[in-house]
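# Topology and contacts: notes
Here is what each chain is made of, one letter per residue.
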Amino acid sequence: TAATYNRRVGSAPALQCAPKSKLPFTGFWDSELIREEKKDAYANENGRVDVQGCCWWGRGVLQTKGVCNFGKLNYYIGAKAAADGRQSLFPDVDFCINPESVCASQYKHELIWMSGLFAFIDRVQSYNRGGFNYMKQLKEYADGGFRDDLFIREVGNILKIGCHNPPCQNAGCLTYPCAGASNDDENAVVVKAFRTLIELDLLMSKTIPLSPGGTNAPSPSPTQCTSNCTDEPTFSPITPTSSPSMAPIVVVSTSPSVSPSKEIDVKIARFNAVKTMMQDRSVQLESDVFVSVAPTQLYTLDGFLNALEELVIKGIDGSMFYLGQENGNLGHGLANIAMFLAHAMTRGLKWDTCEEVNHHLLDGKLAISSACGQLGQNYQNNMCPTYDVPMECPVDMTMNVKQTSVGSSNAPPFFCASKEDTPFTGYFDPSSKQTVSDAPFSNAIGREDVSGCCFWGRGILLNRGTCDIGRFNYVFGLPAFKDGRLTGRYNIDFCQHPEALCSNFTVVAAGFNQFDTTVDTSEIKYLSGLFYWMDQVESFEWGSWNYLERLKLFVDGGMTDYSFVDEFSDMVVGSLYDTQLRKANFKRILQILFTQVPSVGSGGLVDEAEETVLQTPTTDESFTTTDNPLTTDASIDEEGTAETSSVDPIQPQAPVQTQAEPFPDALFPSNTRVELSGATASYLDLHHIALVGAACLVVFMSTL
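Summary of the structure given here. (Residues numbered from 1 in each chain as written. Predicted model: local features only at pLDDT ≥ 70, side-chain atom pairs only at ≥ 80, totals over all residues. Heavy atoms only, no water.)

Our next topic: the overall build of the protein. Within the protein, the regular secondary structure consists of 18 helices and 20 strands. Considering the protein as a whole, with its 704 residues, one finds that 49% of them fall into the buried category. Pairs at least 24 apart in sequence give 66% of the contacts found in the protein among residues at least 6 apart. For the protein, the computed accessible surface area is about 34,000 Å², with 53% contributed by carbon and sulfur atoms. (Helix = DSSP H or I, 4+ residues; strand = E, 2+ residues; numbered from the N terminus. Buried < 20%, exposed > 50% of the residue type's maximum accessible area, 1.4 Å probe, protein only. Contact = heavy atoms within 4.5 Å. Areas by Shrake-Rupley, 256 points an atom, 1.4 Å probe, with all protein chains shown as cover.)

Shown next as structure tokens:
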């Protein structure tokens, strides 16, 4: 089995493969209704209705796909090369058994690029068919001043469809591409390539050549005059208007700019208004929101407000938790709090725990190795976007960590341990409440061991994985503490000690610490979730969908369009299965909060006489604590596996960054040679560097 995912809002469900015994048939995705129809079988264009053995979809920067291309990766740079005693860059990666390793392994940051570079070497540098010799054409292209757009088109065709002059017949690997394929967007390839060449100052002219039907860029200089020329410019006649032109409209401020002291006063007043409102409704909030199967013993309204206060008034590096600051509309801010708490009610509040509990049933059992990831996730391969890679936690396969609390769950605690200490793990049977460990039992992604699997969810939102925990560590933990950044408040490396996110931690005497020091980390269970919300949710924007703008539209529209919750659940990977619970939570919290909403005027908070009352959200379904489907044995059945991904299930689907990251020197020794069909793949003269930089990283990325 394998899975991938799409980061776009409203995108189709994750691609997956599975045997017919587990998934007899598949349905289809309705892009207009934005939902999956899976009651009936629906065939693809080749007549397939199942996904057995269909694990070879495109991965990496050039979307390497098919059994032949993954087989080549494995043969030349993977486990097969190592098994044969040949040089291998990734000897412990079997691309045939785990094709998802390209995007979800400890080498993922190298492999997403390496797979594309390998494809370039294999399919382009060695190409010599039908009178087109790539290496010869490459030199001619560079020597000709990079002006031949036909060369760019032909190289794009080679990568995208297998030959330089489509339609192609019997091109490339037997399973890709199909005979008769054609490149339907040649101009896009040309434009991207020439723009890159211009940026690299490899072209003197700024004109981008396009095939008939396209539009060229403007000429770099005015057209020369050839007839009826004059030395003076010609002026158009001036015709007076019937009325004078309007003077420009200038809006003069009637009040001085807000001084720093005034600004902090407004922040304090805004938070105090929210705090007072929520405390006035504390009985309802604590009975209906801060509740699991019973009132939560771990999370409190006061604890939440204490953590929120600093993020509203002081913020983090200039960013504040959103309470309607830019327009003084507390209604927008309260709706943001309502969505945060509604989501928390499907995470940490649901189980009354600071740590994720084992809940994903497989054949009626709970795999102990689900510490590595549930619902098809792989927490230790939680991949940060390129710009956050330095924050990501490294994975130590020898770490030993044990969960401290399972809250209201009866499942055994998660733990991680090396393979030497624990070669395999078994399962927990909820019906008999017995743990069976005499034989290995796999989780949803096939893991039987728990080596390096120490990054299960923590905090009120159960933020999990090496990226989320690494981000928190970078901002609040030891890295910030050592750097002297203002946010560094914990002298703890949470990557090495993730257990400290949920329990007090003793820092042993060392360096400037003369004595062992116990650090109070009780606020982290709130802080980690609020920081994640500010960093990943409030800043989320993809295409035309912007979280904060959509939140404002929901409030300004009368708080009746609950498709906003559906869209949020689609944005947060792995949250579609509990959308209805989140929606019911959201409606109930809005009903509690929006009885009366203080508004912020130009001079700060208005007094009580000027309070505005927003419309109480309508609802077509009631929600009380007795409606909550939670029980102490509540678990997600195998239907939950439909929402699978190789990243953190509560990680927003931010757009994939296209910024190239540097390759480790160790992966590219100067004497590296890869022999493919007798062609040497180490030709690195100036012409080749220019084309690889312009064509491989730009032209060929247009095929994604």
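That covers the picture; the talk isn't over yet.
Time to look at the packing of aromatic side chains. Tallying each qualifying case throughout the model produces 32 aromatic pairs. Plain terms: the ring middles of Tyr75 and Tyr76 are 5.0 Å apart, the flat faces sit at 80° to each other, and that makes the pair edge-to-face. An angle of 80° between the planes, with centres 6.0 Å apart, marks the rings of Tyr490 and Phe494 as edge-to-face. Across the pair, Phe494 and Tyr490 agree in class, each one buried. Members of the aromatic cluster, connected to one another through ring pairs, are Phe290, Phe304, Phe321, Phe340, Trp533, Tyr547, Phe554, Tyr562, Phe564, Phe568 and Phe586. Directly above the aromatic system of Tyr75 lies the positively charged group of Arg86, at a separation of 4.0 Å from the ring centroid. Over the face of the ring belonging to Tyr474 we find Arg485, whose NZ or CZ atom lies 4.2 Å from the ring centre. (Phe/Tyr/Trp six-rings, centres within 6.5 Å; stacked < 30°, edge-to-face > 60°. Lys NZ or Arg CZ within 6 Å of the ring centre and 35° of its normal.)

Put simply, helix α9 (residues 301-313) and helix α14 (residues 524-537) touch, their axes get as near as 9 Å, and they point 45° apart. Relative to α14, α9 is oriented oblique. For the pair α9 and α14, the crossing hand works out as right-handed. In this structure, α9 uses Gly303, Phe304, Ala307, Leu308 and Leu311 to contact α14, whose residues at the interface are Tyr526, Leu527, Leu530, Phe531 and Met534. In terms of residue class, the contact of α9 with α14 is made up of 9 nonpolar, 1 polar and no charged. (Axes fitted to C-alpha atoms, helices over the stretch in contact; angles between N-to-C directions. Parallel < 35°, antiparallel > 145°, perpendicular 65-115°, else oblique. Left-handed = near helix turned anticlockwise from the far one by under 90°. Nonpolar A, V, L, I, M, F, W, Y, C, P; charged D, E, K, R; others polar.)

So, on to the sheet that holds strand β12 (residues 434-436). The 4 strands lie next to each other as β7-β8-β11-β12, forming an open sheet whose pairing is antiparallel. For this open sheet the edge positions go to β7 (361-362) and β12, each flanked by a neighbour on one side alone. (Pairing = 2+ DSSP bridges.)

All right, on to the state of the cysteines then. Scanning all chains against the criterion turns up 6 disulfides. Note that Cys372 is cross-linked by a disulfide to Cys453, the S-S spacing being 2.0 Å. Linking Cys372 and Cys453, the disulfide has an S-S dihedral of approximately 85° and is accordingly described as right-handed. Here Cys372 is found in the loop between β8 (365-367) and β9 (401-402), whereas its partner Cys453 is found in the loop between β12 and α12 (465-476), with 81 residues between them in sequence. Comparing Cys372 with Cys453, the two get one shared label, buried. Here Cys393 connects covalently by a disulfide to Cys495, the sulfurs 2.0 Å from one another. As the torsion about the S-S bond is roughly -75°, the Cys393-Cys495 disulfide counts as left-handed. (Disulfide = S-S within 2.5 Å.)

Formed by 92 residues in total, the largest nonpolar core has its most connected members in Met278, Phe304, Phe321, Tyr547 and Phe586. Sorting elements by how many residues they give to this core places helix α10 (residues 330-344) first, with 10 residues. Membership of the second largest hydrophobic core comes to 24 residues, among which are Leu138, Phe151, Ile161 and Met383. (Core = buried A, V, L, I, M, F, W, Y, C linked by side-chain atoms within 4.5 Å.)

For Arg588, the position within the fold is in helix α17 (residues 579-593). Judged by relative accessible area, which is 17%, Arg588 ranks as buried. Residues Arg588 and Ala338 lie 250 residues apart in sequence; the distance between their C-alpha atoms is 9.0 Å.

Moving on, we get to the environment of Val475. Secondary-structure assignment places Val475 in helix α12. A relative accessible area of 9% places Val475 in the buried class. Sequence spacing of Val475 and Arg489 is 14 residues, and the spatial spacing of their C-alpha atoms is 8.9 Å. Those residues in contact with Val475 that lie beyond four places of it in its chain are Ile316, Ala480, Arg485, Thr487, Gly488 and Phe531.

Okay, α10 next. Residues spaced three or four apart along an α-helix face the same direction, because each turn holds 3.6 residues. The end-to-end C-alpha separation of α10 is 21 Å, in line with the 21 Å expected for 15 residues at 1.5 Å each. Most of α10 sits inside the fold, with 15 of its 15 residues counted as buried. Where α10 begins, the side chain of Asn329 points an oxygen toward the backbone nitrogen of Gly331, at a separation of 2.8 Å. (Expected span 1.5 Å × (residues − 1). Polar contact = N/O pair within 3.5 Å; in protein donor to acceptor, adjacent residues only side chain to side chain.)

Right, let's talk about the side chain of Lys525 for a bit. Here Lys525 lies in helix α14. No salt bridge forms around the buried Lys525; measuring N to O, its nearest opposite-charge neighbour Asp520 is 7.4 Å away. In this view, Lys525 contacts Leu298, Tyr299, Cys354, Gly459, Ile460 and Leu501; residues no more than four positions away in its chain are not counted. (Lys, Arg positive; Asp, Glu negative; His and termini not counted. Salt bridge = Lys/Arg side-chain N within 4 Å of Asp/Glu carboxyl O.)

Right, let's get into the pattern of salt bridges. Within this structure, the stated rule accounts for 23 salt bridges. We note a salt bridge from Lys72 to Asp122, for which the minimum N-O separation is 3.2 Å. Taken together, the residues span a long stretch of sequence, with Lys72 in helix α1 (residues 66-77) and Asp122 in helix α3 (residues 108-125) at a distance of 50 residues. According to the relative accessible area criterion, Lys72 is partly exposed, its value standing at 28%. Note that Glu356 and Arg464 form a salt bridge whose closest N and O atoms lie 3.3 Å from each other. Within this pair, whereas Glu356 is found in the loop between α11 (348-351) and β7, its partner Arg464 is found in the loop between β12 and α12, the two being separated by 108 residues in sequence. Like Glu356, the residue Arg464 is buried in the burial classification. Each of the salt bridges in this network shares a partner with another, and the network as a whole consists of Asp388, Asp468, Arg471 and Asp535.

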